Amino acid sequence: MAGQAQYEELARQLSAIGAVKRGMGRILPPDCPAGSAAVLTLLGRYGEMRMSRLAELLSVDMSVTSRHVAHVADRGWIERFPDPADKRSRILRLTAAGHAQLDELSLRTSRLLSDRLSHWSDDEVGLLIELMGRLRESFGDCRSPQWSHAHPPPYATDVSEPTTRTPA
């Protein structure tokens, strides 16, 4: 099992992933911010769905989801239509223009990663993919937290205590 120092370094490295995400965000087209890209990506991956399901997958409030959906709908990238099972709900579906935008996003992302990781071997990229997948699985479904402030995990410490350590 890894020691405390390794977990502290891992926490610092994970905090620094924000810089990687910001770099990836800079390659997005001006009319397709990260929230819009996430909507397109999820609809591309899972197919048509209700707004409530999209909000769940995005792990954001329904009002935030509505703003993202309005943005992509205004650009013609998705269509909204009544749910046949519940006319009060809307089903979201990618349009042909949405598929084209998603293809463009995928191409931009792949090119950026290819450029930034060009000095990595195929095995190293594969190992990164494997380890990131394992890390994500270790955290399970982050949308439904197992622990709360009222019932913290058994290994939690009192986070209200001041500390001089920073995650990054």
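Before going further, it helps to spend a moment on the pairing of strand S3 (residues 86-94). If a strand is regular, its side chains alternate between the two faces of the sheet. Pairing analysis gives two bridges linking strand S1 (residues 49-50) to S3, with the strands arranged antiparallel. Within the sheet, the bridge partner assigned to Met-49 lies in S3 and is Leu-92. Summarising the sheet, strand S2 (residues 78-83) and S3 pair through six bridges and their orientation is antiparallel. If you follow Phe-81 over to S3, its bridge partner there is Ile-91.

What follows deals with the side chain of Ser-36. Locating Ser-36 in the fold gives a position in helix H2 (residues 34-46). With relative accessibility at 1%, the residue Ser-36 sits in the buried group. If we ignore the near neighbours within four places in the chain, the residues touching Ser-36 are His-68, His-71 and Val-72.

Each value, and the rule that gives it
Residues numbered from 1 in each chain as written. Predicted model: local features only at pLDDT ≥ 70, side-chain atom pairs only at ≥ 80, totals over all residues. Heavy atoms only, no water. Pairing = 2+ DSSP bridges. Helix = DSSP H or I, 4+ residues; strand = E, 2+ residues; numbered from the N terminus. Buried < 20%, exposed > 50% of the residue type's maximum accessible area, 1.4 Å probe, protein only. Contact = heavy atoms within 4.5 Å.

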